[in-house]
Amino acid sequence: MQYALKVSAMKRDLVIGLVTIAVAVACIIDLVNMKQGFIMEDQVSASFFPYLMVGLLGILGVLQLINAAAAMLKARKDPAREPEQIDWGKLKQRYQVPFLMFLFVSGYIFLIPVIGFYTMTVVFFIALGMLLGGLSFKNFLKVAGATAGTVLFMYYVFQFSLQVYMPTGIFY
Amino acid sequence: MEFYLQAIAHSFQVLTDPTVLLFVFIGSFFGILIGVVPGISVHTAIVITLPFTFGMTPIQGLATMCGVYIGGMSGGLVTSILLGIPGEPSAVATVWDGFPMHRKGEGGMALGIGLWASFWGGVIGCLSLMIAAPFFAPYVLQFGPWEIFSIIMFGMTIIASLGGKTIVKGLISGVFGMVLGCVGADPIFNNPRLTFGLGILISGVPFVSTMIGMYALSQLMLDTENTDAFKQDRVQAVTAPGPMPLFKTMIITVTKWKEILAASAIGTFFGALPGAGSAISNIFAYDQIRKFSKNPERFGTGIAEGIIASEAANSSVAGGSLIPTVTLGIPGNMIAAIMMGALLMHGIQPGPLFMTSQQDLAYGLFTTLLFANLSVLIIQIFFIRFATKLLNVSNAITIPVIFVFCVMGAYSVNSILFEMYLVAITGLMAYGMVKGGIPLAPLILGLILAPIAETNYRIAVGTDSNLWLFLTKPISGLFLGCTVLSIVWAYWQAKMQTTAGKIREKVMI
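Residues numbered from 1 in each chain as written. Chains lettered and ligands numbered in written order. Predicted model: local features only at pLDDT ≥ 70, side-chain atom pairs only at ≥ 80, totals over all residues.

Description of the overall build of chain A
Part 1: For chain A, the helix and strand inventory stands at 5 helices and 0 strands.
Part 2: Every one of the 172 residues in chain A was classed for burial, and the buried ones make up 24%.
Part 3: Across chain A, the fraction of contacts at a sequence separation of at least 24, relative to all contacts at a separation of at least 6, is 70%. (Helix = DSSP H or I, 4+ residues; strand = E, 2+ residues; numbered from the N terminus. Buried ≥ 20, exposed ≤ 12 C-beta atoms within 10 Å, placed from the backbone. Contact = placed C-beta atoms within 7 Å.)

Structure follows, in C-alpha cells:
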C-alpha cells in the first residue's frame, strides 16, 4: 500500500513536470509571435524579462520531470515492490463532493449572464447547501432561510447602497 | 528620540478620523467571525474583504484589512482551545495547552489568557514596526534598481524554498507567478505580452479574482473533501468554555511578562523574515519558552505559559511582517502580500520611497494596526460567548454564503464577467496545485513582485548595461549571494530530511 502511494505521488510529480513544460512552451510561442516596438540599442526589449522567466520555468519543469522519472525508476527496482492498486471507492468518496461543488460553482458562474445573478444565486445556494448538508427537509429549511437572508443582504448592500448592478439575464 | 516622538504623534493623527476607526472595528468583527469558523482561514477572510476596499480611501481600505487580519488571527484561538483544531497554522501550538486546559474545565480561563497574550503580542509587534520602519527607511532610500531587483529575487527564493514539499515545486510556483505578473502591457513601453490574443488581459491578470479563486474557492473545495468527518468532529467536541475571569487573566499575563516579551520578540523576528511567518513562530516560541522554563515537563498539560508563548508570538507576527513590506516593498507573509496588492491597485507602491512619499498612509497603517489589536480585544471580550455558538454552524450554510460573496466581490471590482470566470479557473488551478504539493504563496508573491522586479531590472540595465554591477554593488551582491545560499540551504535541508527518513525506515524494519 505504501509503495502504491509512493508511485502515485511520483506519477503526479511527473505530470507536474509535463504541465510546467507545456505552459513554458505555450508562453514561448506567444512571445515569439509578439509584435516588438522600436527600441534604442541600450534598452531592454519588452519581451526580454518574460523570456527570462518563461525559460526559467521550462528549466524547472525539466528538472521536475527528471527528478520524478528518476524516483519512479528507482522505486520500480525496489525488491519490496507490490502490484499497483488504486482504491477507486476511496477516491470517489474523497473527491465526489469537491468535484460536484466545482461543477455547481462553474454552472453558477457561467449561467449568471444567461439566467440572471439573483435567480442563479438562489438556485446555486440551495443546490450547494443540499449537497453539503444532506437532502433532509430540516436542512432545506435552514438553507432556504440562509439563502433568503443572504440574497436580501446582498441586494441591499450592493445594488441599493453601493449602486453595483449585477448581471441580469432571462430572469433577474 | 525627538524623531520618534514626532513619528508617533504623526501616527496618531489618523485616529481623528472616525470612519477609519469604524472600518477597523467592522473589519475586526468580520475577521473574528470568519476566524472562528474552522477550516476557513484568515487568507480567505482578507481575500473576501479585498473587493470592498476599492471603494474606500487607501487608509480606510488598509484599516479594514488590518482589522480582518488581527480579528482572523484572534478567531483561530477559539477553535484551538475549544475544539482542539487550530483554525490557523499560526495557532497550532495554542492547541497543545489550550485544549487540555479546556478539558480540565478551564476553557474560559484559557480563552482569557489567550486573548490577553494575543493583545500584548500584537501591541509589541506594532511598536516594533513603529520603531523599525522609520529607522530603516533612510538607509533603504539609498537603494538603487540593482539592490531592489536583488532583494526581490532573494525574497522570492526564500519564500519558494520554505513553502513547498520540494524546492523545485516552490520555485515552479514562484516563477509561474512571475510569468503571470508579466502578462499584459509591459511597464515601460506598454507593449502587450503573453495575452494569447485576449484583449481583456492587456491590463494584466486581474488581481482580486485571482486571489479569490486561489485562496477562497480552492480552500472551500479542500474543506469539502471529507465533509462528514468534519461535521462529526465539530458536533462532538464543542462544549461550554466555562467562566472567563477578565481581570484575573489579565493579571496572569502581566505577571508572565518575560514570556510575553520573549515570544513577541520571536514572533516579530519571524514575521520580518520573508516566508517564515506565524506558522513557524508560534511553534518556535513555544519550544523556546518551554526550554527556558523551570517546569518544562508541565508544558502540554494545560498551563498558561504554553498559551501565552503561542498567542503572543503569532500576534506579533503582523507587525513584524509589515517591516519588510513598508521599507523594502517585499511582503513578510501572504497577508502582507495581499495588502501590498491592494495598495498597488490604489496606485501606491510600498517600498523604499513609501515612508517618505506616503508618510500619512505609512504612519496611518501603523496606528490602525495598533488600534485593531485593541478593537479585537474589546469585541472578543463581549463576543466570545456568541463565537462559541458559531462553531456549530453547518458547512451547508457557511460555504455557499462565502462563495456567493466571493463571486459578487470579483464582479463588483470592474463589473466584468470575465473576472467571475477567472475565479473558477484559478480556483481549480490552485486546488490542483495544492493537491500536487505546490505552495500557493510564491505564486501570489511572484504575481505582485514581477512588474516591480522587471521595471528595476530594465532601469538598471538601461542606466548601465554592465550586468556585473548586480554582483559588484555590495548590497545587491550580498542579496544575490543570499539568494543562492537560500536555494542551497533548502536543497541541503531536503536531502537531510530524506536521509533521516531512510534511517528511520531502516530502524523500524
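Quick notes on the interface of chain B and chain A
Part 1: In this assembly, 48 residues from chain B lie in contact with 50 residues from chain A.
Part 2: The biggest single contributor to the side of chain B that touches chain A is helix α17 (residues 395–414) of chain B, with 12 residues.
Part 3: Residues of the side of chain B that touches chain A, tallied by class, amount to 32 nonpolar, 11 polar and 5 charged. (Nonpolar A, V, L, I, M, F, W, Y, C, P; charged D, E, K, R; others polar.)

As for the domain arrangement of chain A
The parts lose accessible area when they come together, and the size of an interface is often stated as this lost area.
Part 1: In terms of domains, chain A is made up of domain 1 (2–76) and domain 2 (88–161).
Part 2: For domain 1 of chain A versus domain 2 of chain A, the distance between C-alpha centres works out to 37 Å. (Domains from an automatic or database assignment.)

Focus: the environment of A:Ile109
Part 1: Counting through the fold element by element, A:Ile109 comes out in helix α3 (residues 88–115).
Part 2: Classification of A:Ile109 by C-beta neighbours within 10 Å gives buried; the count is 24.
Part 3: For the pair A:Ile109 and A:Met120, spaced 11 residues apart in the sequence, the C-alpha separation amounts to 8.6 Å.
Part 4: Setting aside chain neighbours within four positions, we find A:Ile109 in contact with B:Val407, B:Met420, B:Tyr421, B:Val423 and B:Ala424.

As for the confidence of the model for chain B
Residues and elements named next belong to chain B.
Part 1: For chain B, per-residue confidence averages 83 on the pLDDT scale, and residues scoring 70 or more make up 90% of the total.
Part 2: Note on residues 232–236: pLDDT is under 50 here. Beyond four places in sequence and across chains, it has 4 contacts.
Part 3: Interface confidence for the predicted complex, given as ipTM, is 0.88, next to a pTM of 0.81. (pLDDT = per-residue confidence, 0-100.)

Considerations on the packing of helix α5 (residues 92–140) of chain B against helix α13 (residues 304–328) of chain B
Residue and element names in this part refer to chain B.
Part 1: Between α5 and α13, the least distance of the axes is 4 Å, while the angle of their chain directions is 25°. It follows from the interaxial angle that α5 and α13 lie roughly parallel. Two packed elements cross with a definite hand, and for α5 against α13 that hand is right-handed.
Part 2: In terms of residue class, the contact of α5 with α13 is made up of 26 nonpolar, 15 polar and 2 charged. (Axes fitted to C-alpha atoms, helices over the stretch in contact; angles between N-to-C directions. Parallel < 35°, antiparallel > 145°, perpendicular 65-115°, else oblique. Left-handed = near helix turned anticlockwise from the far one by under 90°.)

Side note on the environment of B:Phe119
All names here are of chain B.
Part 1: Within the fold, Phe119 resides in helix α5.
Part 2: On the basis of neighbour counts, which here come to 24 C-beta atoms within 10 Å, the residue Phe119 falls in the buried class.
Part 3: Separated by 251 residues in sequence, Phe119 and Leu370 have C-alpha atoms that sit 9.5 Å apart.
Part 4: Phe119 has contacts with Asn373 and Leu377, leaving out every residue within four places of it along the chain.

A word on unusual backbone geometry
Residues and elements named next belong to chain B.
Part 1: Its identity as a non-glycine residue notwithstanding, Asn190 has a phi of 60°, on the positive side.
Part 2: With 11 C-beta atoms packed within 10 Å, Asn190 lands in the exposed category.
Part 3: Despite not being glycine, Ser415 has its phi angle at roughly 55°, a positive value.
Part 4: Mapped onto the secondary structure, Ser415 falls in the loop between α17 and α18 (417–435).

Re α5(B)
Note: α-helices contain 3.6 residues per turn, so residues at a spacing of three or four share the same orientation.
Residues and elements named next belong to chain B.
Part 1: Taking 1.5 Å per residue as the helical rise, α5 with its 49 residues ought to reach 72 Å, whereas the 35 Å between its terminal C-alpha atoms falls clearly short.
Part 2: The largest bend along α5 measures about 135° and falls at Gly105.
Part 3: α5 sits mainly inside the fold: 36 of its 49 residues count as buried. (Expected span 1.5 Å × (residues − 1). Bend = angle between axes of the 7 residues up to and from the residue.)

Some words on α18(B)
Part 1: Across its 19 residues, α18(B) extends 28 Å between first and last C-alpha, which sits within 8% of the 27 Å expected from 1.5 Å per residue.
Part 2: Within the span of α18(B), buried status applies to B:Glu419, B:Met420, B:Leu422, B:Val423, B:Ala424, B:Thr426, B:Gly427, B:Ala430, B:Tyr431 and B:Met433.
Part 3: The inward-facing, buried residues of α18(B) contact α3 of chain A together with α7 (167–182), α8 (207–223) and α17 of chain B.
Part 4: Positive backbone phi, at 75°, marks B:Gly437, one or two positions downstream of α18(B).

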